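Residue-level structure breakdown
These are the residues of each chain, in order.
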There are 2 protein chains.
Amino acid sequence: MILAANANAQGSHVGEWRHPDAWDRPASNLENAVRLARIAEAGLFDLLFLADGNGVRNLDKPDLFAATSPSDRPAVFEPVTLLSALAMVTRHIGLVATTTTTYDEPYAVARRFASLDHISGGRAGWNLVTTSNPGDALNFSKEAHAPREDRYARAGEFADIVKGLWDSWADDAFSQDKASGRFLDPARVHALNHKGEHFSVAGPLNAPRPVQGHPVIFSAGQSEMGKELSARTADCVFAIEGTIERARTLYADLKARLPRYGRRPESLKILSGVTIFVGETEAEADALFQALEDLVSPAVGLDYLSKMIGHRMTGYALDEPMPDLEAEHVGPTGIGKAILGVARAEGLTVRQTYKRILPQMAGNLFKGSARQIADLMEEWYRTEACDGFMIAAPVVPTGLERLIRLVVPELQRRGLFRTAYEGRTLRDNLGLPRPANRFFSEPA
Amino acid sequence: MILAANANAQGSHVGEWRHPDAWDRPASNLENAVRLARIAEAGLFDLLFLADGNGVRNLDKPDLFAATSPSDRPAVFEPVTLLSALAMVTRHIGLVATTTTTYDEPYAVARRFASLDHISGGRAGWNLVTTSNPGDALNFSKEAHAPREDRYARAGEFADIVKGLWDSWADDAFSQDKASGRFLDPARVHALNHKGEHFSVAGPLNAPRPVQGHPVIFSAGQSEMGKELSARTADCVFAIEGTIERARTLYADLKARLPRYGRRPESLKILSGVTIFVGETEAEADALFQALEDLVSPAVGLDYLSKMIGHRMTGYALDEPMPDLEAEHVGPTGIGKAILGVARAEGLTVRQTYKRILPQMAGNLFKGSARQIADLMEEWYRTEACDGFMIAAPVVPTGLERLIRLVVPELQRRGLFRTAYEGRTLRDNLGLPRPANRFFSEPA
Ligand SMILES: Cc1cc2nc3c(=O)[nH]c(=O)nc-3n(C[C@H](O)[C@H](O)[C@H](O)COP(=O)(O)O)c2cc1C
Ligand SMILES: Cc1cc2nc3c(=O)[nH]c(=O)nc-3n(C[C@H](O)[C@H](O)[C@H](O)COP(=O)(O)O)c2cc1C
């Protein structure tokens, strides 16, 4: 079972930062990031994952900063710089940074991740996104976010170029032989000379081939196009599904797409996003859940609900049933519709509705004792709802520490999780082979 | 006196990597980079500097790799990722990375350097270049490098945006007050909403204001436009002049440009690039010089000379006088012309000519005993040829170690160089004030 930890040293719940256990001053706090990385590595996690965006939303709702996804937060590190730093204080854990194909250049992305892979000794991963926040366009001299089809067409070509650039040099190209004076073998370099729809990129990359051959590629798109891109080009997918049935459907769907690209099912790992509330007992987990809820004022709750459903809820009575909003009121995400559906089906009040959605920023939610959590994880894993989990702790660091102290040993007893790192690179630990160089055969 | 060290863990001389004292396997070698950073910090250097480019030249001349400037080398780290890593193994030394304004985005550059500044606790610097290698264009879906005027127009607007984004948040914007639940003060953020000739950038940046307010800005342009950009917007200039007279002229020229931008002479520091051969005695320095020369075969020497003058020299007899080449044969840089001029004036042979230019990759050359070197440095400094030096060691690490062991104490005795770091940030150590935020007054 693969376990990934959110590397944002800040919990996923909007009330989290105010909790007494939460680290003080979470805004761009390096010390916290270092401590979190060390905790996750001591817990034998496969990797740290950093979501990212290039803009700030909700400035009009400053109390929401913690409810916005990490990619909308106003005070974060740039992911690749942070993970380069964390590479120096860790030895085993994978380091996966989000970078968009929509507002960056393939040569630059290939370089940065090759560099991170060399710095970390083969622990780098790239989470390829096409950018979820349309407003980011305005930071890159664009009038608007390109439509999804265009973003994905660009993303596909982008990923191919990046992989081609990583293959610029054979693994043995840099002989660096002092005696003969031969530094590199000019027969072991390939200039890409890519010319395509969106890009023309000459190459070669000015970096030796990455330690892993290719840093591990993650993808998180959930649309049809997103899924096709993952099936064709990704090593790992982060999926967010609220129920085990839906997760199984997505799992089967993604794995079934692989043969068309000549790939085997085990070549794509699917990680399910989940926030885990664990206690020594079920009651302790419930109490933490309640404590966080109490840190969210009704004003913040209403702002948050408004954001999620795309309709301004300020002014509605908290303890009246949710109003019956017309479909046109709700935002474009589909999430808004789902929330209103649940509220209607269960007859929730406004207050109950916002409380229901507060803790679920990372999608799914597991809550209970260590045994209950391990049971859920085992069930998801064994019934092919996922190959592992992308875990957000409700409170950082205690949520992660408690998970490592209580749940990880239970998973280990059941033979579901490692008791020591298997290999040297992220690929080794994920059970993914090192890709062959498309331009050169292996050294003799 | 400011002292900066080249952070490329590889010497400036084309024969260097073959020298017995040179580190083995210099291609993207992290361990060497870490050792070099620690050596420079132990020597109280102000900063580490990383040149950069986004392409590989001279693939047809593989033996030249070490003669190409660091920005053309085929196997280097991406500078910001490397310096983020080095931030974790150093405490005082400044970390200056080169990034081009021609093939990058101001929002992205502002983020990466803000992030590096937070990670390093205020030690980041940005060396702004417009890219010297025209071939880099082909890696960024451009048919050709834009003309210098266009590149500098873009660069000026780019730098203004970056500074504006660094000022997005007042220094006290992120109150992060758990008790009140107030994370940030929405009155202390400024969205840039820049709309200009080359860019439109909304902002705000998703990072708190950098520790230094603005990371230190370096610039290395030597053209009229380059000098104007430096005078308007840079904190430091790297200059390369081969004689003290020319360095003084440039120094006076640059400083005289400042009042027009409302700046005082001491607000711009001028560092002179120099390769230093130092020995316990003058004879020892000469011997090292000779040893390096002997590592350069005639074939490599001719390739190198060909590259520098822009005319293919293979086939010319080594011990005949340099041919009288027509001006149209020589490259566009002006360097070629200068080399031919020296060869003609001094009646050098082909072999003597390539030997003359081999060690001067970083421009100027000082050679001698510790006292002779200190005398030269003092003269340059006291007679306003520079405010300090950007030092390339002929052999890494021994060249730098010897300099620190022999020359630094001599400079300290003369009261020219620090005996301990003065401050916490790179600005502190350079004697540059922290810039005010253009949008917010200081916290009450
Ligand atoms: C677990 C997960 C993590 C994501 N992380 C990011 C992110 O860091 N940055 C981002 O711009 N989008 C992120 N996304 C959004 C996706 O890139 C994508 O835009 C979204 O899932 C919608 O899918 P589609 O673009 O294929 O329609 C993430 C999505 C998921 C499911
Ligand atoms: C000390 C020094 C360091 C430089 N470093 C770089 C570099 O790392 N990358 C680069 O593209 N150009 C570099 N340059 C080149 C300058 O950016 C610039 O292109 C060159 O000095 C010519 O000046 P001009 O562009 O103003 O004509 C450097 C120049 C000097 C003098």
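Everything discussed here concerns the structure shown above.
Residues numbered from 1 in each chain as written. Chains lettered and ligands numbered in written order. Predicted model: local features only at pLDDT ≥ 70, side-chain atom pairs only at ≥ 80, totals over all residues. Heavy atoms only, no water.

1. A word on the overall build of chain A
Scanning chain A from N- to C-terminus turns up 13 helices and 11 strands. The C-alpha atoms of chain A give 22 Å as radius of gyration, which agrees with the globular expectation for 444 residues (22 Å, within 12%). Along the three orthogonal principal directions, the C-alpha set of chain A runs to about 80 × 50 × 40 Å. Among the 444 residues that make up chain A, the fraction classed as buried is 64%. A separation threshold of at least 6 residues defines the contact pool for chain A, and within that pool the share at least 24 residues apart is 77%. Within the structure as shown, chain A displays about 16300 Å² of accessible surface, and the carbon and sulfur contribution to it stands at 50%. In chain A, 50 side chains carry a positive charge and 56 a negative one; their mean positions are 4 Å apart. (Helix = DSSP H or I, 4+ residues; strand = E, 2+ residues; numbered from the N terminus. Rg over C-alpha atoms; globule rule 2.2 N^0.38 Å. Buried < 20%, exposed > 50% of the residue type's maximum accessible area, 1.4 Å probe, protein only. Contact = heavy atoms within 4.5 Å. Areas by Shrake-Rupley, 256 points an atom, 1.4 Å probe, with all protein chains shown as cover. Lys, Arg positive; Asp, Glu negative; His and termini not counted. Charge placed at Lys NZ, Arg CZ, Asp CG, Glu CD.)

2. A closer look at the site of ligand 1
Residues and elements named next belong to chain A. Taken together, 16 residues surround ligand 1, and among them Asp52, Ser132, Arg148, Tyr152 and Ser223 come closest. At a separation of 2.7 Å, a nitrogen atom of ligand 1 approaches a polar backbone atom of Asp52. Between ligand 1 and Ser132 there is a distance of 2.9 Å, counted from an oxygen atom to a backbone nitrogen or oxygen. For ligand 1, whose unbound accessible area comes to 600 Å², protein coverage reaches 83%. (Near = heavy atom within 4 Å. Polar contact = N/O pair within 3.5 Å; in protein donor to acceptor, adjacent residues only side chain to side chain.)

3. Notes on the pairing of strand β2 (residues 47-50) of chain B
Residue and element names in this part refer to chain B. Burial along β2 is two-sided: Leu47 and Phe49 and Leu48 and Leu50, pointing in opposite directions, are all buried. With helix α1 (residues 30-42) bridging strand β1 (residues 2-6) and its parallel neighbour β2, the resulting β-α-β unit is right-handed. Relative to strand β3 (residues 94-100), β2 runs parallel, the two being bridged by four bridges. Directly across from Leu47, in β3, lies its bridge partner Gly94. (Right-handed = clockwise from strand over helix to strand, strands pointing away. Pairing = 2+ DSSP bridges.)

4. Considering the site of ligand 2
Residues and elements named next belong to chain B. Around ligand 2, the surrounding shell holds 16 residues, and the nearest of these are Asp52, Ser132, Arg148, Tyr152 and Ser223. At a separation of 2.6 Å, an oxygen atom of ligand 2 approaches a polar side-chain atom of Tyr152. For ligand 2, an oxygen atom lies 2.5 Å from a polar atom in the side chain of Ser223. Here the shell around ligand 2 is composed, by residue class, of six nonpolar, eight polar and two charged. (Nonpolar A, V, L, I, M, F, W, Y, C, P; charged D, E, K, R; others polar.)

5. Observations concerning the relation of the copies chain B and chain A
After a rotation of 180° and a shift along the axis of 0.0 Å, chain B superposes on chain A with an RMSD of 0.0 Å. Taken together, the rotation and translation describe the operation of a two-fold axis. Relative to the rotation axis, the closest C-alpha in chain B is found at Ala85 of chain B, a distance of 2.2 Å. Counting the interface residues of chain B, we find that 100% of their copies in chain A are interface residues as well, pointing to one common contact surface. (Least-squares fit on C-alpha atoms with pLDDT ≥ 70 in both.)

6. Side note on unusual backbone geometry
In this structure, the amide linkage connecting Val396 of chain A to the following residue, Pro397 of chain A, adopts the cis form with an omega of 10°. Checked against the element boundaries, Pro397 of chain A lands in the loop between β11 (388-392) and α12 (398-413). Positive phi, close to 45°, is recorded for Ser28 of chain B, a residue that is not glycine. Looking at the secondary structure, you find Ser28 of chain B in the loop between β1 and α1.

7. Looking at the packing of aromatic side chains
Taken as a whole, this structure holds 28 aromatic pairs over all chains when the rule is applied. With a centroid separation of 4.5 Å and an interplanar angle of 45°, the aromatic rings of Trp169 of chain A and Phe174 of chain A are classed as tilted. Trp169 of chain A sits in the buried class, given a relative accessible area of 0%. The exposure class assigned to Phe174 of chain A is buried, which follows from its relative accessible area of 8%. Ring geometry for Phe113 of chain B and Trp126 of chain B: centres 6.0 Å apart, planes at 35°, overall tilted. Linking Phe113 of chain B in helix α3 (residues 106-119) with Trp126 of chain B in strand β4 (residues 124-129), this pair joins segments that are 13 residues apart in sequence. Trp126 of chain B shares its class with Phe113 of chain B; the two are buried. (Phe/Tyr/Trp six-rings, centres within 6.5 Å; stacked < 30°, edge-to-face > 60°.)

8. Notes on helix α3 (residues 106-119) of chain A
All names here are of chain A. Here α3 spans 20 Å end to end across 14 residues, near enough to the 20 Å set by a 1.5 Å rise per residue. Counting buried residues in α3 gives 14 out of 14 residues, a clear majority hidden from the surface. Gly121, located one to two residues past α3, shows a positive phi value of around 65°. (Expected span 1.5 Å × (residues − 1).)

9. Examining the interface of chain B and chain A
Often the size quoted for an interface is simply the accessible area lost on bringing the parts together. Every contact between the two is made by 73 residues of chain B and, on the other side, 73 residues of chain A. Carbon and sulfur atoms supply 60% of the area that chain B and chain A bury against each other, a total of about 6100 Å² over both sides. If you sort the residues of chain B by the area they bury against chain A, Arg111, Lys178 and Phe183 of chain B come out on top, with a joint share of 12%. Where chain B meets chain A, there are four salt bridges. Here Asp24 of chain B makes a salt bridge to Lys178 of chain A, at a shortest N to O gap of 3.1 Å. Scanning the region where chain B abuts chain A turns up 42 residue pairs in polar contact (both at pLDDT 80 or more). Looking at the side of chain B that touches chain A, the elements that each hand over two or more residues are α1, α2 (79-87), α3 and β6 (200-201) of chain B. If you tally residues by element for the side of chain B that touches chain A, the top one is α3 of chain B, at seven residues. Looking at the side of chain B that touches chain A, its residues break down into 41 nonpolar, 19 polar and 13 charged. (Buried area = accessible area lost by both parts, 1.4 Å probe. Salt bridge = Lys/Arg side-chain N within 4 Å of Asp/Glu carboxyl O.)

10. Some thoughts on the pairing of strand β9 (residues 269-279) of chain A
All names here are of chain A. For β9, the tally of buried residues reaches 11 of 11 residues, placing the bulk of the element in the interior. Alternating positions in β9 separate into two faces, Lys269, Leu271, Gly273, Thr275, Phe277 and Gly279 on one and Ile270, Ser272, Val274, Ile276 and Val278 on the other, with burial throughout. Strand direction decides the pairing type here: strand β8 (residues 236-239) and β9, joined by four bridges, are parallel. Of the residues in β9, the one forming a bridge with Cys236 is Lys269. Read as a crossover between parallel neighbours, the route from β8 over helix α6 (residues 244-257) to β9 is right-handed. Strand direction decides the pairing type here: β9 and strand β10 (residues 364-369), joined by six bridges, are parallel. When the bridges of β10 are listed, Ile276 appears paired with Phe366.

11. Structural notes on the pattern of salt bridges
Evaluated as defined, the whole model comprises 66 salt bridges over all chains. In this structure, Glu266 of chain A and Arg264 of chain A form a salt bridge, with 3.1 Å as the shortest nitrogen-oxygen distance. Taking the relative accessible area as the measure of exposure, Arg264 of chain A reaches 57% and is therefore exposed. Arg351 of chain B is the partner of Asp319 of chain B in a salt bridge, and the nearest nitrogen-oxygen pair spans 2.9 Å. With Asp319 of chain B in the loop between α8 (298-309) and α9 (335-346) and Arg351 of chain B in helix α10 (residues 350-357), this pair connects stretches of sequence that are 32 residues apart. Classification of Arg351 of chain B by relative accessible area gives partly exposed; the value is 26%. Members of the salt-bridge network, linked through shared partners, are Glu224, Lys227, Glu228, Asp253, Arg257 and Arg260 of chain A.

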